[in-house]
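Residues per chain, in single letters:
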Amino acid sequence: MALLEVENLKIYYFTGAGAVKAVDDISFSVDKDETLGLIGESGCGKTTAVFAIMRFAAPPGRIVGGKIIFEGRDILTMSEEEVRLLRGQGVAMVFQAAQNALNPVMTVGDQITEVINQHEKVTKEEAWERARKQLELVGIGGDRAKGYPHEFSGGMKQRVGIAIATACNPRLLILDEPVTGLDVIVQRQLLNLVNDLREKLRLPIILITHDLSVVAETCSKVAVMYAGKIVEQADAVSLYKNPAHPYSKLLIEAYPSIKGEKGKLISIPGAPPGLLNPPVGCYFWPRCPSAMDICQEAEPPVQTKDGRLVACHLYR
Amino acid sequence: MKDQAILKVENLKTYFPVRRNFVKTIFSRKKREYVRAVDDVSFNVGEGDILGIVGESGCGKSTMGRTILRLVEPTAGKIYYEDIDVTSLKRRAMRRLRRKMQMIFQDPHGSLNPRRTVADILRQSVRIHRLADGKAEEDAMIKNTLEEVGLKPPEEFWDRYPVLLSGGQRQRVGVGRILILQPKLVVADEPISMLDVSVRMGIIELLAQLREKFGISLIYITHDLATARYICDRIAIMYLGKIVEIAPTEDLLKTPLHPYAQALIAAVPVPDPRVEMKELPIIGYVPLIPSDVYTSCRFYPRCPYADKECREQDPPLIEVSPGHSVACIKAK
């Protein structure tokens, strides 16, 4: 049994105009020593999906169905107290724009010890000792623990975010757009850190991003999301080498590369559908170059093909 | 580059004074301090040329773009647009010239007036510069432009407010409202960094078309070398207010000479999981507060090849092969 198994998860936002199916029947799993990349355009539901793993669902959003089994227990049926302990110790998350998620009037050391004190009974000295160790772990000197967030650069704040998230030795780490808004050099340094941490702490990671190259450099497994659904799931190498779903294929072709021959780049016409009134059939057909009649009528089921999961009528 | 330069920038400097408190201003003997956002930069842009300005945040690339259009006043140096000295123009003359020199902004959500429809946003451009006689001509121009930037059919977008458009469509409106003025030079400041990957290339293509169809010269400011590669003829790499290397695109990407350019290129992630990540030939971070005065190479604290010589002089930008200049005493 995998460390985390998400089964048929559905999260809808109930708005005045109707239910927005932000996450619609998705399933995936993360095993120990795996890094799962969750990739998709803005608004495709990737953040909403992982928020559910921490059981964050803010009204009008509601988890309407499915299971999230973490270490054999369903997170969705846990009591509030159990969930409180789970967050940070079981599953920890570094939020999007962690640069701005830090408290500006607390030292970073205080922000790390705060998490430790929530979960463990330790003395003040021990907590601070661990805070300093955490900062060293992420490549910031322990002597900076007394510093305030404004004294750190964007990349360093992101590192502090990781230090806070890993302070209580979680068994699964979620990174939401960890490098968005960072410069390439800082971005590379951070990705190196993520790879290091995974090896050093043997920490399984779920990484959310819209950037294909970030996934390529860190993840072993990739799930491509489109309009609230996972359209393809495969190991990273075979997905990049030979994408099966037309959307994954176009996404990869639309991505510029600095290496190799300068190929012709394409853009995908149109925009993702509104999830209030999604199209009938496959959600991607209005933008799909290989759309057939059936695509406009029936939603494609998820099928297994060469060891990967793909939801497309091309592979029936 | 074509022989006819449409824009010449000579020794351009833009400094921002560092704010001090009142007491210090009166009693301190120290001279006023400045952040040298753009520090002695010179380059040309040929007609129909696309020049990429690439650098990390805080390197002064946006300030430079804005200074060229005089949205920020330069501290020193000259900017020539077709032999007109832009820096010495009076307000009114500058305003007339603005029609020829335009800017595309980064944030397509923030740079469009949310209370105007698409047609009105374009109409405003036409009216400010008095380009049309009467509403019928305005309408024809707007319709034409909307088609030109790929918002087809124009009737469908005519009465829409920006909130009802996707990011890509909004940026097309941003391009449309400058295209309608038929400018000669456009500064595009990170025009795609806030868009989704799937629509980015559409905007890049549109910008390339501006050159093909209308002969518009473009200064493309970005931190993303990979997209710059697809559109730029030449790329200039900036670090702490200075151009450290400038060369034709493929030349620069294949044989970068400046250590910073090398690091920047090595850091660009490759969308292929089979490619190993290489170690970066760079140390530390960009300094948070750039220093006031430079007597050394400004990259030397982070440079793996730095030695005593680098600490003693600020290297000038020197041409090492045709069109390829670099500011590093080690690169020869």
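You'll find the structure just up there.
Reading guide: rules and limits
Residues numbered from 1 in each chain as written. Chains lettered and ligands numbered in written order. Predicted model: local features only at pLDDT ≥ 70, side-chain atom pairs only at ≥ 80, totals over all residues. Heavy atoms only, no water. Helix = DSSP H or I, 4+ residues; strand = E, 2+ residues; numbered from the N terminus. Rg over C-alpha atoms; globule rule 2.2 N^0.38 Å. Buried < 20%, exposed > 50% of the residue type's maximum accessible area, 1.4 Å probe, protein only. Contact = heavy atoms within 4.5 Å. Areas by Shrake-Rupley, 256 points an atom, 1.4 Å probe, with all protein chains shown as cover. Lys, Arg positive; Asp, Glu negative; His and termini not counted. Charge placed at Lys NZ, Arg CZ, Asp CG, Glu CD. Pairing = 2+ DSSP bridges. Axes fitted to C-alpha atoms, helices over the stretch in contact; angles between N-to-C directions. Core = buried A, V, L, I, M, F, W, Y, C linked by side-chain atoms within 4.5 Å. Expected span 1.5 Å × (residues − 1). Parallel < 35°, antiparallel > 145°, perpendicular 65-115°, else oblique. Left-handed = near helix turned anticlockwise from the far one by under 90°. Nonpolar A, V, L, I, M, F, W, Y, C, P; charged D, E, K, R; others polar.

Q: Tell me about the overall build of chain B, and name the residues and values.
A: The helix and strand inventory of chain B stands at twelve helices and twelve strands. The C-alpha radius of gyration of chain B comes to 21 Å, within 12% of the 20 Å expected for a compact globule of 332 residues. Principal axes of the C-alpha set define a box for chain B whose edges measure 70 × 60 × 40 Å. When each of the 332 residues of chain B is scored for burial, the buried share is 53%. Across chain B, the fraction of contacts at a sequence separation of at least 24, relative to all contacts at a separation of at least 6, is 65%. Of the roughly 15,700 Å² of accessible surface on chain B, a fraction of 50% belongs to carbon and sulfur atoms. For chain B, the distance from the average position of its 51 positive side-chain charges to the average position of its 42 negative side-chain charges is 7 Å.

Q: Tell me about the overall build of chain A, and please be specific about residues and values.
A: From N to C terminus, chain A includes ten helices and twelve strands. In terms of overall dimensions, chain A is globule-like: its C-alpha atoms have a radius of gyration of 20 Å, near the 20 Å expected for 316 residues. Reported as C-alpha extents along the three principal axes, the dimensions of chain A are approximately 65 × 50 × 40 Å. Within chain A, the proportion of its 316 residues that are buried is 56%. Considering only contacts within chain A whose residues lie at least 6 apart along the sequence, 63% involve residues at least 24 apart. Counting every atom, chain A has about 13,300 Å² of accessible surface; 51% of that belongs to carbon and sulfur. Taking the average place of the 35 positive charges on the side chains of chain A and the average place of its 37 negative ones, the gap between the two points comes to 1 Å.

Q: So what's going on with the sheet that holds strand β6 (residues 91-94) of chain A? Residues and values would help.
A: Residue and element names in this part refer to chain A. If you trace the eight strands from one edge of the open sheet to the other, you get β6-β7-β8-β3-β9-β10-β12-β11, paired in mixed fashion. One side of each edge strand has no neighbouring strand; the edge strands of this open sheet are β6 and β11 (302-305). Here the strands of the sheet are splayed against their neighbours by 20° on average, with no regard to which way each runs. Where β11 meets strand β12 (residues 308-311), four bridges bridge the pair, whose relative direction is antiparallel. When the bridges of β12 are listed, V302 appears paired with A311.

Q: Pulling in residues and values, what's your account of the nonpolar core?
A: By size, the foremost hydrophobic cluster in this structure holds 70 residues, and its most contacted members are B:Y220, B:L225, B:I237 and B:Y260. Tallying contributions element by element places helix α8 (residues 197-214) of chain B first for this core, with seven residues. Not counting residues up to four positions away in its chain, the partners in contact with B:L225 are A:I258, B:V54, B:I235, B:I237, B:L253, B:L264, B:I265 and B:V268. If you look at the next biggest cluster of nonpolar residues, it comprises 66 residues, including A:A145, A:A165, A:V214 and A:V231.

Q: Please provide a residue-by-residue account of helix α5 (residues 124-137) of chain A, values included.
A: Three- or four-residue spacings in an α-helix give side chains the same orientation, since the helix completes a turn every 3.6 residues. Residue and element names in this part refer to chain A. In a regular helix each residue adds 1.5 Å, so 14 residues correspond to 20 Å; α5 covers 20 Å between its end C-alpha atoms and thus fits that length. Taken together, the buried positions of α5 are A127, W128, A131, Q134, L135 and L137. On its buried face, α5 sits against α4 (108-119), α6 (154-165) and α7 (184-201). Looking at the residues trailing α5, positive phi occurs at G139, about 85°.

Q: Could you give an account of the packing of helix α7 (residues 167-179) of chain B against α8(B), naming the residues involved and the relevant values?
A: Residues and elements named next belong to chain B. Two elements in contact, α7 and α8, have axes whose closest approach is 10 Å; the angle formed by their N-to-C orientations is 15°. For the element pair α7 / α8, the angle class is roughly parallel. Between α7 and α8 the crossing geometry is right-handed. Contacts between α7 and α8 pair G168, Q171, R172, V175 and L179 from the former with V199, G202, I203, L206, L207, L210 and F214 from the latter. The class makeup of the residues in the contact of α7 with α8 is eight nonpolar, three polar and one charged.

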